[in-house]
Amino acid sequence: MKLEDVAVLGVGMCRFGVHRDTTLTELAREAGLKALEDAGLGFRDVGEAFVGYMQGLPMLGIKIMKEFGLTGLPVTHVENASATGLVAFREAAHAVASGRCDVALALGFEKMTEMAWGGGGGRGIGRDAIDSVILPAAFFALWAMRRMHERGTRPEHFARIAAKNWNHGAKNPLSHRQPDHKVTVSEVLASPMIAEPLTAMMACPVDDGAACAILGRRDLAQRLRPERPRVSVIASALQTETYTPGHTFLGPVVGPASMTRDTARQAYEQAGVDPSDVSLALCHDAFANEELEYYELLGFCPEGDGEKLLEEGATQLGGRIPFNTDGGLIARGHPGGPTGLAQIHELALQLRGEAGPRQVANARIGLAHLVGGGSVCTVNLLKRN
Amino acid sequence: MTQAEKERVPIEKGFFTIPRDPSEPPSLLGTRCRSCSEVFFPRRKVCAKCLSQDTEDTLLGPRGTLYTYTYVHVPMFGTSRTDAQGYGVGQVDLPEGPRVQAVLSGGAEDFRIGMELELQLETLRENRKGQDVVIFRFRPLAAA
Ligand SMILES: [Zn+2]
């Protein structure tokens, strides 16, 4: 069996946000049970599980999976920083594609609001102190400042992307941020500066959440939900850094932007599609300027034309290639482990035509992209058929 | 240089030199690959480019060119600094090849892409032995 014979059978998530009075276990259980119900399956049908989170004690995933029942199923932990959820998804898809099981579950959960900050990329590899003085926000700001220098990009461009994603969030009941008014460019620019030129409203929030996807053989999708368009996995690419001149090795978030370009090419090749075939894209917009870079690196416009694509309105709902239709990391939220599975949740709804007020007309192929810690990238393509 | 008489120790060993004369700039401790000549910071045993293990230590700096920078307005990790003024962060291209990500010394308006910078050591805090714990920074050369 091939990857394209694997379908997303069901998805479920709880709204991302600050969940002070809900435990991690409760969040994970809610997302998992919703996904099973959406698939029309019981937990006994699940042949294998992949659990993703960025922090927590060893065995946390196995312990949480007991909430669904003790059936003896194999459980594997996945951690790839911000990319964790999509990598859990990728492993579940391959578990089905390999014939190891008929149904696999990918579950991500996290309480970022309880995360012990202060560590960086060097934590645990023997250079804790020197590596952790620079914030992730600073790294992406460095990227933004260089682009402004090279291409004349203005902070208004970044603010426009942020405002777009905030406003997309308003159309998503599961989004953390749901503004009660139309967020404007000037409002984003006026919010407190974090790392020049990035303001607070250009950055993702700190939040909690859980999300789950059930993957299975394509014929099962047909049998379980015959009335529903099938959503197949047509590509799942994962890469770490390739050495390039100008590489930085020290600091919490390193890695070349070209990693996204290389990973996307691999995904398009695997699926036999072009960027022009893609109906919508979800990307790692932890900071708004990233999304501008990914327009180009994911192949939706030539290098240097990102601002033009944005100014044309192509990447907002109703545009040629809407980006982050569910609000993205900036509005929907970015709790870490579950983020990628929230993207799969959105793509599944969009490709089934169930996305309500934010539905992309005739959505046929959806793309989910995340980078993790600057050092890992994954691009996944889902298709309606 | 009021702290000239105090012993200085690095925040972490193996990344930079601490000259005996506090007015001297430090060097960064890097690696040069004998097979492909690529130079790296920080030090590594295996060449990231050609995978050769035939590598040697090399000193880098003290000068470089600012490739990009930002000014951060939230507190810095790993220090006891609580000043609300923020701090600069940059990527600095060394003539030997490596691009180094580091904290910059100076105010919000002191940086521009392409400017020349020089390494310096900055004291973060005093440890229990009464030694100064130092880290490397880059500062605009004009401000030297
Ligand atoms: Zn080499």
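Figured I'd write up the structure that's included with this text. Each chain has its residues counted from 1, following the order in which its sequence is written. Each chain is given a letter, starting from A, and each ligand a number, starting from 1, according to the order in which they appear as written. Thresholds applied to this predicted model are a pLDDT of at least 70 for local features of residues and 80 or more for the giving and counting of side-chain atom pairs; totals over whole chains, interfaces and linings are not thresholded and use all residues. Excluding hydrogens and water, the side-chain values take into account all heavy atoms of the structure.

**Brief notes about the overall build of chain B**
And step 1. Helix and strand counts for chain B come out as zero helices and nine strands.
And step 2. Starting at the N terminus, helices and strands are each numbered in turn, a helix being any DSSP run of H or I of at least four residues and a strand any DSSP run of E of at least two. The order of helices and strands in chain B, counted from the N terminus, is β-β-β-β-β-β-β-β-β.
And step 3. Taken across its 144 residues, chain B has 47% of its residues classed as buried.
And step 4. A separation of at least 24 residues holds for 51% of the contacts in chain B among residues at least 6 apart in sequence.
And step 5. In these tables, accessible area is a Shrake-Rupley quantity obtained with a 1.4 Å probe, and a residue counts as shielded only by the protein chains included in the view. Here chain B displays about 7300 Å² of accessible surface, and carbon together with sulfur accounts for 46% of that area. The classification of residues rests on relative accessible area computed with a 1.4 Å probe and restricted to protein chains. Under 20% of the type maximum is buried, over 50% is exposed, and intermediate values are partly exposed. Between two residues, a contact is recorded if the distance between any of their heavy atoms is within 4.5 Å.

**Focus: the interface of chain A and chain B**
And step 1. Taken together, the contact pairs 31 residues of chain A with 34 residues of chain B.
And step 2. Counted as salt bridges are all cases of a side-chain nitrogen of Lys or Arg within 4 Å of a carboxyl oxygen of Asp or Glu. Linking chain A with chain B are zero salt bridges, by the criterion used here.
And step 3. Two N or O atoms form a polar contact when they lie within 3.5 Å of each other; inside protein one atom must be a possible hydrogen donor and the other a possible acceptor, and for residues adjacent in sequence the pair counts only when both atoms belong to side chains. Applying the counting criterion to the chain A and chain B interface returns nine residue pairs in polar contact (both at pLDDT 80 or more).
And step 4. Where the side of chain A that touches chain B is concerned, the elements lending two or more residues are α4 (128-131), α5 (136-151) and β5 (193-195) of chain A.
And step 5. Tallying contributions element by element places α5 of chain A first for the side of chain A that touches chain B, with eight residues.
And step 6. In terms of residue class, the side of chain A that touches chain B is built from 18 nonpolar, eight polar and five charged. Under the convention adopted here, Pro, Cys and the residues Ala, Val, Leu, Ile, Met, Phe, Trp and Tyr are nonpolar, Asp, Glu, Lys and Arg are charged, and Gly plus all remaining residues are polar.

**Brief notes about the packing of aromatic side chains**
And step 1. Stacked, tilted and edge-to-face pairs are distinguished by plane angle, under 30 degrees for stacked and over 60 for edge-to-face with tilted covering the rest, among Phe, Tyr and Trp rings (Trp via its six-membered ring) whose centres lie within 6.5 Å. Overall, the coordinates contain 16 aromatic pairs over all chains when judged by the stated rule.
And step 2. Relative to phenylalanine 249 of chain A, the ring of tyrosine 243 of chain A lies with its centre 6.3 Å away and its plane at 20°, an arrangement referred to as stacked.
And step 3. Their ring planes at 75° and their centres at 6.5 Å tell us that phenylalanine 15 of chain B and phenylalanine 41 of chain B sit as a pair that is edge-to-face. Of this pair, phenylalanine 15 of chain B sits in the loop between β1 (8-10) and β2 (28-33) while phenylalanine 41 of chain B sits in the loop between β3 (39-40) and β4 (55-60); the two residues are 26 residues apart in sequence, bridging distant segments of the chain. Across this residue pair, the class does not change: phenylalanine 15 of chain B and phenylalanine 41 of chain B are buried.
And step 4. Here the aromatic residues Phe139, Phe140, Trp143, Phe287 and Tyr294 of chain A are joined through ring pairs into a cluster of three or more.

Note that every value here comes from positions in space, so none of it alone points to a role or purpose.
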